[in-house]
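# Summary of the model geometry
The lines below spell out each chain.
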Amino acid sequence: MSSKLFAGSILSADFLNLEHDVTEALEAGIDLIHFDVMDFHFVPNMTFGPMFLKALKQKFPQVLFDAHLMCDPITDEVVDAYIKAGADFLTFHPEACHHTERMLTRIKQAGVKAGLALNPATPPQLLRYLWDKLDMVLVMTVNPGFGGQTVLPACLKKIQDVKRMAAEANVRPYVEVDGGVNPMTISQIADTGANVFVVGSAFFGAPDKKLALSELKQHAGV
Ligand code: DX5
Ligand code: ZN
């Protein structure tokens, strides 16, 4: 795998032809399948749950599933359901969890990569106390809930802050960027040092996924 990873968000896939779309995404060379869980409570939209993830994992057991939980509350029961369903990366938002450190530990103890997601207005300072539990930091570059939105410029600065804080702590978590990643924005985003790029509409919405991914990679300097 390259040092920069691309996570295809199936939020922008054709739900009625998901097996076909995921197969195409893998053939195009996507590294991870990004699985956006929304609950109409933490975000103003609703998507899919653990049974859906389980069905996908059973169909594509070799694929790494990057589950992004935009739901509230994050409890043991919720987290365990996605672990059991086959998540390889499990990321949640700290606002939705009373005991962030405990939850990250629970995820890691299950052998799953643990991540925290930061909304555009969420400061990154809490990461300082959690580095040893974090495999990934997901920086939202749009307000979560929908695909096809535009990058909020202030969030680019936050990615740099996260990278700097990680370097100061001498740790190297994955730094994932989610929202508005497309051929026009990815070069600026890649310059911040992020190394996992979520691509929804710019990838699943493209007529030729292979071409779309190679264009994205070229702009990201891969
Ligand atoms: C937004 C989701 C994203 C979404 C990104 O709340 O977390 O993963 O699919 O979509 P694009 O790439 O179209 O901005
Ligand atoms: Zn996401």
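Now for a quick tour of the structure. Treat the numbers as computed from the prediction; the structure is a model and nothing was measured.

Thresholds applied
Residues numbered from 1 in each chain as written. Chains lettered and ligands numbered in written order. Predicted model: local features only at pLDDT ≥ 70, side-chain atom pairs only at ≥ 80, totals over all residues. Heavy atoms only, no water. Donors = N, O, S within 2.8 Å, 3.2 Å for Na, K, Ca; no water. Tetrahedral: all angles 85-135°; square planar, octahedral: opposite > 155°, others 65-115°. Helix = DSSP H or I, 4+ residues; strand = E, 2+ residues; numbered from the N terminus. Buried < 20%, exposed > 50% of the residue type's maximum accessible area, 1.4 Å probe, protein only. Near = heavy atom within 4 Å. Polar contact = N/O pair within 3.5 Å; in protein donor to acceptor, adjacent residues only side chain to side chain. Areas by Shrake-Rupley, 256 points an atom, 1.4 Å probe, with all protein chains shown as cover. Nonpolar A, V, L, I, M, F, W, Y, C, P; charged D, E, K, R; others polar. Phe/Tyr/Trp six-rings, centres within 6.5 Å; stacked < 30°, edge-to-face > 60°. Pairing = 2+ DSSP bridges. Axes fitted to C-alpha atoms, helices over the stretch in contact; angles between N-to-C directions. Contact = heavy atoms within 4.5 Å. Salt bridge = Lys/Arg side-chain N within 4 Å of Asp/Glu carboxyl O.

### Examining the coordination of the zinc ion (ligand 2)
- Taken together, His34 (NE2), Asp36 (OD), His68 (ND1) and Asp178 (OD) make up the protein donors of the zinc ion (ligand 2), found 2.1 to 2.3 Å from the metal.
- One can describe the site at the zinc ion (ligand 2) as octahedral: its six donor atoms subtend angles covering 68 to 170 degrees at the metal.
- Written as a sequence motif, the donor arrangement for the zinc ion (ligand 2) is H-x1-D-x31-H-x109-D. Here aspartate 36 is found in strand β2 (residues 32-38), whereas its partner histidine 68 is found in strand β3 (residues 64-70), with 32 residues between them in sequence.
- Looking at aspartate 36, the relative accessible area reads 4%, which means it is buried.

### Side note on the site of ligand 1
- Every one of the 20 residues lining ligand 1 counts as a neighbour, but Ser9, Asp36, Gly145, Asp178 and Ser201 are closest to it.
- One nitrogen or oxygen atom from the side chain of histidine 68 is found 3.4 Å from an oxygen atom belonging to ligand 1.
- Glycine 180 is positioned with one of its backbone polar atoms (N or O) 2.8 Å from an oxygen atom of ligand 1.
- Bound to the protein, ligand 1 loses 100% of the 380 Å² it would expose on its own.
- Those elements giving two or more residues to the shell around ligand 1 turn out to be β2, β3 and β8 (196-199).
- Taken together, the residues that form the shell around ligand 1 break down as eight nonpolar, ten polar and two charged.

### Side note on the packing of aromatic side chains
- Within this structure, the stated rule accounts for seven aromatic pairs.
- Ring geometry for phenylalanine 89 against tyrosine 174: centres 5.5 Å apart, planes inclined by 75 degrees, an arrangement best described as edge-to-face. Note that phenylalanine 89 is positioned in strand β4 (residues 89-92) and tyrosine 174 in strand β7 (residues 174-178), a separation of 85 residues in sequence.
- What makes tyrosine 174 partly exposed here is its relative accessible area of 28%.
- Of the aromatic side chains, those joined through ring pairs into one cluster are Phe15, Phe35, Phe48 and Phe52.

### Section: the sheet that holds strand β6 (residues 136-140)
- Strands sit in the order β1-β2-β3-β4-β5-β6-β7-β8 around a closed barrel of eight strands; the barrel is parallel. Neighbour-to-neighbour, the strand axes of the sheet open up by a mean angle of 25 degrees, direction not taken into account.
- Where strand β1 (residues 5-9) meets β8, four bridges bridge the pair, whose relative direction is parallel. Within the sheet, the bridge partner assigned to leucine 5 lies in β8 and is valine 196.
- Strands in contact with helix α4 (residues 100-109) are β4 and β5 (113-118); relative to β5, the strand with the most contacts, it is inclined by about 145 degrees.

### Examining the pattern of salt bridges
- According to the stated counting rule, one finds eleven salt bridges in the structure shown.
- Where aspartate 135 meets lysine 108, a salt bridge forms, and the shortest distance between an N and an O atom there is 3.0 Å. You can see aspartate 135 sitting in the loop between β5 and β6 and its partner lysine 108 sitting in helix α4, a full 27 residues away along the chain.
- Aspartate 161 is paired through a salt bridge with lysine 157; the nearest N and O atoms lie 2.8 Å apart. On the criterion of helical spacing, the pair formed by aspartate 161 and lysine 157 is a turn pair, its members being four residues apart in helix α5 (residues 154-168).
- In this structure aspartate 161 comes out as buried when scored by relative accessible area, which is 15%.
- Salt bridges linked by common partners bring Lys157, Asp161, Arg164 and Glu168 together as one network.

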